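# Chains, contacts and geometry: an overview
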Amino acid sequence: MDDHAPRRHTDLLADIARAASIVAPQWPLTNVVAVNPLGGLQHLPFEEAAALARRWLGARTHPTLAAFRAAYDRGAITDADLRRAIVDVDWRLATRPGIEAGGTTLAAVELIRIDLLAGPDEPDRQSSDPGTQASSILPAVDELVAGWCAAFVDEAHVPWPMPHRDEGFYAAWRHLASSDRRLRRLAGRRGMRWLTDLPVRAVGGLAVALDTLGTGPEARVDALRGQLGRLPGWAGYARWHDEWAPFDHDGPAFRLVDLLAVQAAVTAAVALGNGARPSPPPAQPAPDDDLLGRRVAAVCSVLGVSSDDADVARGVREVLALVPPAARPAMWLEAHEGNVRDRLLGLLTRLDPGPTTERPQVQAVFCIDVRSEGLRRHLEACGSYETLGFAGFFGVPMRWRPMGSTAPQARCPVLVTPDHEVAERPQAADDPRRFLATRRTNRSASDAFHAAKGGLGSPFVLAEASGWLLGPLAALRTLAPDVTRQAGRWGRSLARAPRTFAAVDAAADPASGLALEERILFAEAILTTLGLRRFGRVVVLCGHASANRNNPHASAYDCGACGGAPGGASARTAAAILNDLDVRAGLAERGFDLPDDTWFVAAEHDTVSDRVTVLDRGTVPASHDTLVAGFARDVEAAGERLAQERARRLPGDPARVRARGQDWAQIRPEWGLAGNAAFVIGPRSVTQHLDLACRVFLHSYEAEADPDGVALETILTAPLVVAQWISAQYYFSTVDPDRFGAGDKLLHNPVGGVGVVLGEGGDLRVGLPLQAVTVGDRQVHEPLRLLAVVQAPLERTETIIQSNRVLRELVDGGWIRIAGRSHGDEPWSLRGSAGTWASWRPADDRFDQAVASLEVS
Amino acid sequence: MSWNGLTPMAKIEVVVDGDLVAAVRDLFLEAGATGYTGLSGVSGFGHHGQHQARLLFNDRASLSMLITVVPKDKVDGLVAGIRRLLEDRHGVFFVSETHVSRPDYFS
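Residues numbered from 1 in each chain as written. Chains lettered and ligands numbered in written order. Predicted model: local features only at pLDDT ≥ 70, side-chain atom pairs only at ≥ 80, totals over all residues. Heavy atoms only, no water.

## A few points about the overall build of chain B
Helices and strands together make up the secondary structure of chain B, namely two helices and six strands. In chain B, the order of α-helices and β-strands from amino to carboxyl end is β-α-β-β-β-β-α-β. With the C-alpha coordinates aligned to their principal axes, the bounding extent of chain B is approximately 45 × 25 × 25 Å. By the burial criterion, 47% of the 107 residues in chain B qualify as buried. For chain B, restricting intrachain contacts to residue pairs at least 6 apart in sequence, the fraction spanning at least 24 positions comes to 78%. Of note, chain B has its 10 positive side-chain charges centred 3 Å away from the centre of its 12 negative side-chain charges. (Helix = DSSP H or I, 4+ residues; strand = E, 2+ residues; numbered from the N terminus. Buried < 20%, exposed > 50% of the residue type's maximum accessible area, 1.4 Å probe, protein only. Contact = heavy atoms within 4.5 Å. Lys, Arg positive; Asp, Glu negative; His and termini not counted. Charge placed at Lys NZ, Arg CZ, Asp CG, Glu CD.)

As structure tokens, this is what we get:
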């Protein structure tokens with residue numbers, strides 16, 4: 001099979017792209033980015049996409065009926081919620097005639113409500129494995145291919161790189177496959193002989209393997225989906241490589257076509273070696289015909305009538321047959337979401353007094369992240385602070401290059417490709433050479449240590465040479481993490497870090513920064529999107545990061561709007577731009593009345609300890625120092641109160657809640673964004689003085705300052721989309737921790753800086769660890785689809801939805817629900833799927849908004 | 001038709017969602033195209049309603065147009081791939097005749 005004149009396989013490549021929609025891209029561990037695991041199917045309505053995931057990934061896409069019923073028993077879902085949800089999912093049921101039973105008439109909605117509460121659950125999960133003769137070889141094939149994947153990938157400069165990997169995964173594997181003993185054992189002589197004739201190019205190899213497996217063009221997309229569904233983690237990482245990796249990514253190319261080619265080739269070789277028949281395309285599992293009968297029996301039992309009563313049983317069956325099994329969890333989910341929506345809109349149903357006209361002394365802008373809600377609430381309680389919410393990259397998409405680094409890192413949402421690089425430079429008065437030399441020495445020692453750990457014989461020498469020191473040190477880090485933290489701080493203080501700044505002016509530093517016009521443009525975008533027209537003397541831009549140790553998923557706790565990185569650099573950059581006098585002059589020409597005495601200050605919130613560090617403190621003018629010192633004092637007090645509040649939700653010693661990040665044995669440093677449920681877009685006056693339990697993303701928006709709707713369009717198409725990815729990741733990691741979540745953290749084994757596997761191998765695990773959403777058997781995160789609440793003219797919101805395909809698909813497809821009101825003195829409305837808006841009413845007429853709470857019940 | 005010594009070729013323009021750009025690029029290269037031009041932030045109105053142009057902080061949400069020029073004997077393979085790709089996704093493509101002065105750039 002020589003391919004000197006390669007056959008073109010455009011149709012096969014197209015099929016790969018179509019099949020790939022069932023897996024989401026998976027970012028490497030250096031920048032864990034929350035993604036919707038069904039993101040490739042977002043062009044479909046939620047329930048259709050969920051059905052595909054159940055079929056091809058064998059995944060659960062909704063909580064179990066038992067979990068929903070437990071929520072009902074806790075009062076998190078009520079009968080009124082269920083009745084409303086049943087009709088919302090299928091409006092025809094509202095007018096469906098009921099049945100006569102025991103002298104009374106029972107409405108169809110009531111019969112379905114009884115079925116939801118008492119009916120049997122559907123079979124646990126469907127599988128993409130058709131259970132054929134050939135399928136028995138698949139687990140061994142998958143294990144083998146996963147092993148090759150782990151040997152090939154490298155985001156962390158592994159000490160023993162796989163040979164030939166610069167040629168791509170398929171080519172490298174093809175070079176070495178003949179020496180794979182496990183493969184020889186599985187494929188036998190016949191299979192191995194077939195392998196030696198494989199074409200050089202991956203796409204050619206895949207075509208030949210699929211032919212050998214008997215997969216024709218019409219069955220190809222299904223067959224490829226079946227393959228991807230067996231290794232969705234590695235497939236997701238390959239998708240990241242194909243579609244999202246930065247242009248200067250220097251890791252070996254791990255492409256989806258290579259993965260599929262290796263997978264299909266190994267499958268075919270093993271099938272040939274075993275004499276197994278080629279694998280047919282996966283088929284839909286047979287429906288459970290008996291389920292409807294059992295549902296009817298359960299409802300009749302609750303009604304107190306015998307299912308032998310033919311008339312009643314027939315009537316019940318006719319009604320229940322209208323609700324297919326997949327619609328039952330959909331109704332429950334709708335009910336649960338409706339309950340939370342009622343509680344939130346109940347809290348928000350009050351006259352919005354609008355902003356005060358008095359000039360605030362200090363304004364503080366925090367990331368929209370749900371964790372900021374608590375800090376803002378407690379800070380406002382400490383004094384007359386005005387707080388605002390904005391995506392934590394503060395509107396400056398850039399690549400940040402820390403001092404002494406040659407590897408800049410994107411600091412913006414992954415939806416944006418940054419065009420600018422900003423470097424951290426030492427202040428002119430500070431000499432960085434000693435600090436940089438010390439850091440280089442430390443890093444060289446660390447690299448040498450890790451290289452010795454990864455060598456063939458060197459670990460034995462290393463253990464002999466350093467065990468006397470490392471053993472007690474490990475014990476100290478376990479038993480007294482604070483001591484090792486302070487020792488580390490002392491060690492770093494020996495070489496004092498120079499004061500630095502974000503070099504934003506490209507005219508002054510050609511290797512860094514932005515041109516003046518670009519800086520003015522970004523400054524204008526920040527102020528317009530925030531709706532900021534009135535400025536305090538100090539405006540704090542507070543990013544966030546999460547300082548936790550020994551955690552492969554550490555970056556998942558950092559700022560999502562910064563691409564899974566700490567947010568301090570973005571705050572420093574934005575503050576430097578907004579303090580620039582030339583930028584101020586440009587803003588004045590564009591109509592922004594920025595007072596001369598307004599100073600922007602950068603800060604960073606550590607979400608594990610709830611401590612806020614004011615950055616670049618030395619650049620604050622003396623005239624503003626008292627205000628900044630007051631802010632630092634008050635935000636420390638606010639952090640202490642927030643930490644106490646969080647301690648009530650976290651397991652473990654409440655007194656040590658702020659030190660959890662230092663504990664290298666801590667599997668749950670913080671809750672991250674667990675509990676997230678809604679995204680409020682509007683002025684702070686809509687949510688001020690309310691306890692939203694760190695469950696709501698808050699984005700500032702002033703409709704009056706945005707007559708053309710550009711700012712609202714920006715918020716709805718970027719921060720809201722990122723929040724929806726986060727929401728979906730938490731949702732799916734909770735409903736199926738095995739398929740959509742990373743599983744038990746205690747068993748994690750990092751692979752090549754790419755991701756984690758459970759135990760010694762297997763598929764790369766996607767999503768959040770079990771410990772990020774649960775404590776024991778208790779779910780801490782309520783799996784709900786995101787609710788967006790927008791205070792802006794409804795016509796404006798609707799126009800933006802209609803004008804943007806991505807938004808339209810999210811909203812019309814039921815991935816996001818939207819509530820809105822045009823002004824602060826109007827009632828809330830809910831958007832229906834056809835673009836109609838209807839006044840919101842709680843499901844229960846006795847709903848008491850005065851006692852509504854957003855705490856997870 | 002030959003215009004003043006220009007060589008006839010086929011121009012293929014594809015308008016797709018941002019997430020399909022990589023797939024179309026791969027199809028071009030697999031079909032033997034030697035290059036392509038990409039335009040992001042394409043706006044318009046069509047079968048699936050209005051499409052907004054470039055958004056401030058989302059490069060992926062708007063449509064993109066990819067343009068390539070290939071010898072006519074490569075058109076069939078490329079068209080087959082694009083047709084298949086767009087079977088279950090939004091997108092349109094146009095094939096037209098064009099003329100180039102440096103045919104060796106495109107073969």
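Let us keep going from here.
## Regarding helix α16 (residues 370-382) of chain A
Residue and element names in this part refer to chain A. Taken across its 13 residues, α16 has eleven buried, putting it largely inside the fold. All buried positions along α16 are accounted for by V370, R371, S372, E373, G374, L375, R376, R377, H378, L379 and E380. The N-cap of α16, judged by a side-chain oxygen 2.8 Å from the amide nitrogen of R371 a few residues on, is D369. (Polar contact = N/O pair within 3.5 Å; in protein donor to acceptor, adjacent residues only side chain to side chain.)

## Some remarks on a nonpolar patch on the surface
Residues and elements named next belong to chain A. Where nonpolar side chains cluster on the molecular surface, the patch consists of W468, L469, L470, L473, L476 and V483 and spans about 550 Å² of accessible area. Top element by residues in the nonpolar patch is helix α18 (residues 458-479). It accounts for five residues. What makes L473 partly exposed here is its relative accessible area of 37%. (Patch = residues over 30% accessible without salt bridge, like charges linked within 9 Å, V, L, I, M, F, W, Y side chains within 5 Å. Areas by Shrake-Rupley, 256 points an atom, 1.4 Å probe, with all protein chains shown as cover. Salt bridge = Lys/Arg side-chain N within 4 Å of Asp/Glu carboxyl O.)

## Observations concerning the packing of helix α2 (residues 46-57) of chain A against helix α10 (residues 220-230) of chain A
Residue and element names in this part refer to chain A. Running from N to C, α2 and α10 cross one another at 75°; their axes reach a closest spacing of 8 Å. As judged from the angle between their axes, α2 and α10 are roughly perpendicular. Between α2, through R55, W56 and L57, and α10, the contact on the second element is made entirely by D222, R225, G226 and G229. (Axes fitted to C-alpha atoms, helices over the stretch in contact; angles between N-to-C directions. Parallel < 35°, antiparallel > 145°, perpendicular 65-115°, else oblique.)

## Re the interface of chain B and chain A
On the chain A side, the residues contacting the 30 residues of chain B number 39 residues. Summed over both sides, the interface of chain B with chain A buries roughly 3,100 Å², with 50% coming from carbon and sulfur. Of all residues in chain B, the largest losses of buried area upon contact with chain A belong to E30, F57 and R84 of chain B, amounting jointly to 29% of the total for that side. Summed over the shared surface of chain B and chain A, the result is six salt bridges. Note that E87 of chain B and R18 of chain A form a salt bridge whose closest N and O atoms lie 3.2 Å from each other. (Buried area = accessible area lost by both parts, 1.4 Å probe.)

## Some details on the sheet that holds strand β1 (residues 7-17) of chain B
Residues and elements named next belong to chain B. With antiparallel pairing, four strands are arranged side by side in an open sheet as β2-β5-β1-β6. In the strand order of this sheet, the two ends are held by β2 (37-42) and β6 (92-100), each with one partner. Along the sheet, successive strands turn relative to each other by an average axial angle of 20°, direction set aside. With four bridges joining them, β2 and strand β5 (residues 63-70) adopt antiparallel strand pairing. Residue pairing across strands places G38 opposite L66, the latter belonging to β5. (Pairing = 2+ DSSP bridges.)

## A short note on the pattern of salt bridges
This model, assessed by the stated rule, comprises 63 salt bridges over all chains. Between D610 of chain A and R646 of chain A there is a salt bridge, with its nearest N and O atoms 2.6 Å apart. Of this pair, D610 of chain A sits in the loop between β10 (599-606) and β11 (611-614) while R646 of chain A is found in helix α23 (residues 622-647), placing the two residues 36 residues apart along the sequence. By relative accessible area, which is 1% here, D610 of chain A ends up buried. Among the salt bridges present, the one from D17 of chain B reaches R89 of chain B, with a minimum N-O distance of 3.1 Å. Of this pair, D17 of chain B sits in strand β1 while R89 of chain B sits in the loop between α2 (75-85) and β6, and the two are 72 residues apart along the sequence. For the pair formed by D17 of chain B and R89 of chain B, the shared burial category is buried. Where salt bridges share partners, they join D11, D15, R18 and R220 of chain A together with R84, E87 and D88 of chain B into one cluster.

## Considerations on the packing of aromatic side chains
For the coordinates displayed, the defined rule picks out 21 aromatic pairs over all chains. Plain terms: the ring middles of F46 of chain A and F732 of chain A are 6.3 Å apart, the flat faces sit at 25° to each other, and that makes the pair stacked. Of the two residues, F46 of chain A is situated in helix α2 and F732 of chain A in helix α25 (residues 719-735); the sequence distance between them amounts to 686 residues. Taken individually, F46 of chain A and F732 of chain A each receive the classification buried, so the pair is uniform in this respect. Ring centres 4.8 Å apart and planes at 80° place the aromatic pair Y731 of chain A and F732 of chain A in the edge-to-face group. Across this residue pair, the class does not change: Y731 of chain A and F732 of chain A are buried. In this structure an aromatic cluster arises from ring pairing among F152, F169, W234, Y237, W240 and F254 of chain A. Above the plane of the ring of W244 of chain A lies R60 of chain B, whose end atom (NZ or CZ) is 3.6 Å from the centre. (Phe/Tyr/Trp six-rings, centres within 6.5 Å; stacked < 30°, edge-to-face > 60°. Lys NZ or Arg CZ within 6 Å of the ring centre and 35° of its normal.)

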